[in-house]
Amino acid sequence: MWTKKDIPDLTGKTAIVTGANTGLGYETALALFEAGAKVILACRTIEKSAQTLQRLSLMPGKGAVETGQLDLSSLRSVKQFCTIFLQQHGKLDILINNAGVANLPESKTSEGYELQFGVNFLGHFALTGYLYPLLKVTSGSRVVTLSSMGYEAGSLDFENLRSEKDYDPLREYRQSKLANLLFSLELDRKILAKKDRVLSIAAQPGANNTDLMRHSTAEEIAMGKKRIGDFMEPAQGALSSLYAAVSDEARGGNLYQPDQGFSGYPALAVLKEKALDRIAAARLWQLAEGVTGIQYP
Ligand SMILES: NC(=O)c1ccc[n+]([C@@H]2O[C@H](COP(=O)([O-])OP(=O)(O)OC[C@H]3O[C@@H](n4cnc5c(N)ncnc54)[C@H](OP(=O)(O)O)[C@@H]3O)[C@@H](O)[C@H]2O)c1
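Residues numbered from 1 in each chain as written. Predicted model: local features only at pLDDT ≥ 70, side-chain atom pairs only at ≥ 80, totals over all residues. Heavy atoms only, no water.

Q: Give me the lowdown on the packing of aromatic side chains, citing residues and values where you can.
A: All told, the structure shown has 13 aromatic pairs when counted by the stated rule. With a centroid separation of 6.2 Å and an interplanar angle of 65°, the aromatic rings of phenylalanine 121 and phenylalanine 183 are classed as edge-to-face. Within this pair, whereas phenylalanine 121 is found in helix H4 (residues 115-136), its partner phenylalanine 183 is found in helix H5 (residues 169-194), the two being separated by 62 residues in sequence. Taken individually, phenylalanine 121 and phenylalanine 183 each receive the classification buried, so the pair is uniform in this respect. Taking 5.1 Å as the distance between ring centres and 50° as the angle between the ring planes, the aromatic pair formed by phenylalanine 125 and tyrosine 296 counts as tilted. (Phe/Tyr/Trp six-rings, centres within 6.5 Å; stacked < 30°, edge-to-face > 60°. Helix = DSSP H or I, 4+ residues; strand = E, 2+ residues; numbered from the N terminus. Buried < 20%, exposed > 50% of the residue type's maximum accessible area, 1.4 Å probe, protein only.)

Below you can see the structure in the form of structure tokens.
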């Protein structure tokens, strides 16, 4: 059973965690900070990141904490965050693509894409791309991207990415989480082809008590718990991301998740058919390159 106690000393490491002000992102940032890393809290609101910095400063961590403003629903904001980060930092050991939105009323990114697809996938595609040159020159660097069990029920509808046809919040969430996983695996293949040394690893955290379902009714949440069982606290769910980010056993191109799927401790997941669709992954990558104007690795 891999737990927080297994995290090695991270003194000298620099990590970015998106959506670090709450839920899984907060717990991930806390654990990295406790282990000695310099952690950049990449959050969409300055107030929340300042409060989180304050909260972490009161913890007995060995590391350091900084904040950066990052709104993944705007490619301009992603570029601005990266420009500032690259000016101020000479290395990036760990990038955790954690932030996410789920099950919300129909909304769009600044570029007009459906918000869940835009924030969860497109924003992180751009973020990783802008930061890739620094990841590439940082020895042993890793990109961890969060997916969800929901990917298995997801599918990509390339004709409806701006909700041209219709909108279904749960369907679009699953689509975004499938996109996150396809992205992580395609990035790994591209990195290997280039013989770069960066690891691209996917993680799914199981079912956790966080603010993710903030747009769902109490009834919807109760139904989810009836189907899945009790949710974990995010400190436990964050272990999948942490394992992917720091364990010597973690490998690029893998997905790590709780050993019982929705609950438990980090284990290697068996990838389902949806994740292995290389044609969809390549098409998704090409689309993201076109939308963001960034080509990498
Ligand atoms: N909780 C689960 O059971 C579960 C299961 C499977 C996968 N996941 C995945 O785990 C990740 C973290 O989710 P969570 O459960 O910790 O949810 P959460 O508590 O709602 O946290 C989500 C974080 O993402 C941030 N965020 C939202 N929109 C953003 C934007 N446009 N730009 C930058 N940051 C933004 C939020 O910021 P604000 O606080 O400002 O809104 C918040 O910090 C997500 O990718 C989610 O899909 C969670």
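Q: Report on the sheet that holds strand E3 (residues 64-69), specifying residues and quantitative values.
A: Strand order in the open sheet formed by eight strands is E3-E2-E1-E4-E5-E6-E7-E8, and the pairing between neighbours is mixed. Where the open sheet ends on each side, the last strands, each with one partner, are E3 and strand E8 (266-268). Adjacent strand axes in the sheet meet at a mean angle of 25° when their direction is disregarded. Judged from the six bridges that link them, strand E2 (residues 38-43) and E3 form a sheet pairing that is parallel. Bridge pairing in E3 links lysine 38 to alanine 64. Lying over the sheet, helix H1 (residues 23-34) contacts strand E1 (14-18), E2, E3 and strand E4 (94-97), oriented at roughly 170° with respect to E1. (Pairing = 2+ DSSP bridges. Axes fitted to C-alpha atoms, helices over the stretch in contact; angles between N-to-C directions. Contact = heavy atoms within 4.5 Å.)

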